[in-house]
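# Fold and geometry: a report
What follows is the residue order along each chain.
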Amino acid sequence: GGGATMLYYDQGMFEEVNYQTSAIPAEVAIGGIFMNMVTKAGGNAWKGEARYYYANDHLQSENFDEVSKQYNFPGGNPVTEQYDFNGTLAGPIMKDRIWFFGSYRRWMVNKILLSSFNLDGTNSIDDNLIWNGSGKITAQLNANHRLGVLYNYNQKNRYHRRDATFQDDKSTTLQLQPGYTYQVKYTAVLGGKSVYESTVGLMSGTWPLAYQKEVKPTDLRRTDSVLGTAWGAAARDYRNPNYRFQFDNVLSHTRTGWGGTHNVKAGVQFTRQYYRDVTRVNGDMRLVYNNGVPFRVVATNTPVVATSFVHQLGFFGQDSWSIGRRLTLNLGFRLDGAKGWYPSETSPAGRWVPERRINETEVYNQWLGVWRAGVVYDLFGDGRTALKGNFSRYAAQVGAAAIVNSVHPFALSTANISWTDRNKNDYPDPDELGTFEGFTGGATTRYPDASGTDWSYSDEITAGIEHQIIKEVRVGVMYYHRTNRRDITTENVAVPSSAYTPVDIANPLGGRITI
């Protein structure tokens, strides 16, 4: 729902993974690196495989031993222990009709961090465990119709996520992160020259940044900005349940005529994104010290519950048009609409804020049309050397976290309040605090227009040559140029540019600049 990585997939479940870095077809809404991950399927014979890798501190070496001894610096992030097990099993449930494929992966990486320390000065550990299980059923309904059902579960555990140079384990974050993928795909061959595909998919999970289990409600987060230390508790206890639902319908058709051979594809795609922030902070504050002396309280507007939704509807058409034996034009167009909103909801009262209520509000409603235009020319007519060119426009990723949660009234916000610990009890009593001037950050961020900011996009130009040396090996030289447009940023309208004093300084690259 946030447009970010939620799952760590099991590599054993994929037959192949195809990467495309440019000239992305109109079927894909956004640019960048596109991955087509083709999952494995069972066949008419039962078979399986298993792989296991293991390493520890005794199975690694270094090539700078003298430097390590001189500076007492071991180098790298030494592995204390790691392993990776991956097993698969596949076969028929009903021969020639229904097949099963399953995969399981479990991998652990524990390493010593050289830039992070316990409070006693010893190096801290980064301990991680991930496991993944998946299953797929494929059914051949008849000669022209196939149905596939996929389920995948992923569990990522990061037991001590650190955010300070020196800190105890109690003040680290506990990340026990479940994730799920569901997919149902129907494929039909229509009349020999057309293929219809309908796919329903759901990716869901919860990203947690939780307190360690031994943290009590009275334990406060404490940091020292001079000493680089943290103790007491993690910065917050955070839960982020989210999902992305996708429904794609695509029709492909091949036709000869109209000046060549056309491989035409058209479709409609619908996406629903859900993204929710649930945040609490012990005491609704974090305490900051300056070289051991109480200095500041960072107040938070917690507890907060902020829910966001996005609906995106896309229409596309594309044609791979082969003209003669040497020239191919790849043409496409895409139209997308996105609407983002937050629902009616309530955040409870905290130390610094009363109970808050909001009504459902639409904050984003935009449409954007983009194109794809590519050309491939077989230089010698033997299928081994190709000249390639591309000029395309891509819509930017629309994630609920980026376009809705960023302007949600219940987004996590902070305020800095001075603190003088007069009674030396190491706790900020009300009469020891300075002036509270209100919260800044997410809760005060808004779009200038009711329909939201304009949809960002990027323009891409590529050109080059590619040559096949042997059957599976090709080399190429390509030029890439990408320009990003309408990028989103924030502006403090309470402090206009006229409030700043221009300062002329020397430019390290030569000349002078004004800041």
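The notes below deal with the structure included here. (Residues numbered from 1 in each chain as written. Predicted model: local features only at pLDDT ≥ 70, side-chain atom pairs only at ≥ 80, totals over all residues. Heavy atoms only, no water.)

### Notes on the pairing of strand β18 (residues 327-342)
Looking at chain direction, strand β17 (residues 304-323) and β18 are connected through 15 bridges and run antiparallel. Of the residues in β18, the one forming a bridge with Leu313 is Gly337. Adjacent in sequence and paired antiparallel, β17 and β18 are bridged by three residues, among which Gly324 carries a positive phi angle near 70°. Looking at chain direction, β18 and strand β21 (residues 361-378) are connected through 16 bridges and run antiparallel. Bridge pairing in β21 links Gly337 to Trp367. (Pairing = 2+ DSSP bridges. Helix = DSSP H or I, 4+ residues; strand = E, 2+ residues; numbered from the N terminus.)

### Some details on the environment of Lys156
Here Lys156 lies in strand β7 (residues 145-161). The exposure class assigned to Lys156 is buried, which follows from its relative accessible area of 9%. For the pair Lys156 and Leu202, spaced 46 residues apart in sequence, the C-alpha separation works out to 19 Å. Not counting chain neighbours up to four residues away, the residues in contact with Lys156 comprise Tyr8, Asn128, Leu129, Ile130, Gln175, Leu176 and Gln177. (Buried < 20%, exposed > 50% of the residue type's maximum accessible area, 1.4 Å probe, protein only. Contact = heavy atoms within 4.5 Å.)

### Some thoughts on a nonpolar patch on the surface
Taken together, the side chains of Ile93, Met94, Ile137, Val149, Val184, Val200 and Phe247 make up a nonpolar region of the molecular surface, amounting to roughly 530 Å² of accessible area. Within the secondary structure layout, Phe247 lies in strand β13 (residues 237-256). Assessed through its relative accessible area of 32%, Phe247 is described here as partly exposed. (Patch = residues over 30% accessible without salt bridge, like charges linked within 9 Å, V, L, I, M, F, W, Y side chains within 5 Å. Areas by Shrake-Rupley, 256 points an atom, 1.4 Å probe, with all protein chains shown as cover. Salt bridge = Lys/Arg side-chain N within 4 Å of Asp/Glu carboxyl O.)

### Considerations on the packing of aromatic side chains
As enumerated under the stated definition, the model contains 19 aromatic pairs in all. Between the aromatic rings of Phe117 and Phe166, the centroid separation amounts to 5.2 Å while the plane-to-plane angle is 25°, which identifies the pairing as stacked. With a gap of 49 residues between them, Phe117 in strand β5 (residues 98-117) and Phe166 in strand β8 (residues 166-167) connect regions that are remote in the sequence. For the pair Tyr186 and Tyr196, a centre-to-centre distance of 6.4 Å together with 65° between the ring planes defines the contact as edge-to-face. Separated by ten residues along the polypeptide, Tyr186 in strand β9 (residues 173-190) and Tyr196 in strand β10 (residues 194-209) bring together distant segments of the chain. A residue is classified by how much of its surface remains accessible, and Tyr186, at 26% relative accessible area, is partly exposed. Three or more aromatic residues link up through ring pairs in this structure, and these residues are Phe85, Tyr104, Trp131, Tyr151, Tyr153, Tyr180 and Tyr182. Between Lys156 and the ring centre of Tyr8, over which it is positioned, the NZ or CZ distance is 4.8 Å. Seen from the ring of Trp341, Lys339 lies directly overhead, with NZ or CZ sitting 5.3 Å from the centre. (Phe/Tyr/Trp six-rings, centres within 6.5 Å; stacked < 30°, edge-to-face > 60°. Lys NZ or Arg CZ within 6 Å of the ring centre and 35° of its normal.)

### Section: the pairing of β17
Bridge count for strand β14 (residues 261-280) against β17 is 19 bridges, and the pairing is antiparallel. Across the sheet, Thr261 pairs through a bridge with Ser322, a residue of β17.

### What about the environment of Asp504?
Here Asp504 lies in strand β27 (residues 504-506). Sequence spacing of Asp504 and Ile515 is eleven residues, and the spatial spacing of their C-alpha atoms is 6.5 Å. Setting aside residues up to four positions removed in sequence, Asp504 forms contacts with Arg512, Ile513 and Thr514. Of the polar contacts made by the side chain of Asp504, one reaches the side chain of Arg512; its length is 2.5 Å. (Polar contact = N/O pair within 3.5 Å; in protein donor to acceptor, adjacent residues only side chain to side chain.)

### Digging into the nonpolar core
Core analysis: the biggest nonpolar cluster contains 23 residues, and Val363, Ile403 and Trp455 have the highest contact counts within it. Within the residue set of this core, elements represented by two or more residues are β17, β18, β21 and α2 (400-403). In terms of residue count, the dominant contributor to this core is β21 (four residues). Residues in contact with Val363, not counting those within four places in the same chain, are Gly340, Trp341, Tyr342, Ile403, Val404, Val407, Tyr447, Ala450, Ser451 and Gly452. Within the second largest apolar cluster, 13 residues are counted, among which are Leu220, Ala299, Trp352 and Trp419. (Core = buried A, V, L, I, M, F, W, Y, C linked by side-chain atoms within 4.5 Å.)

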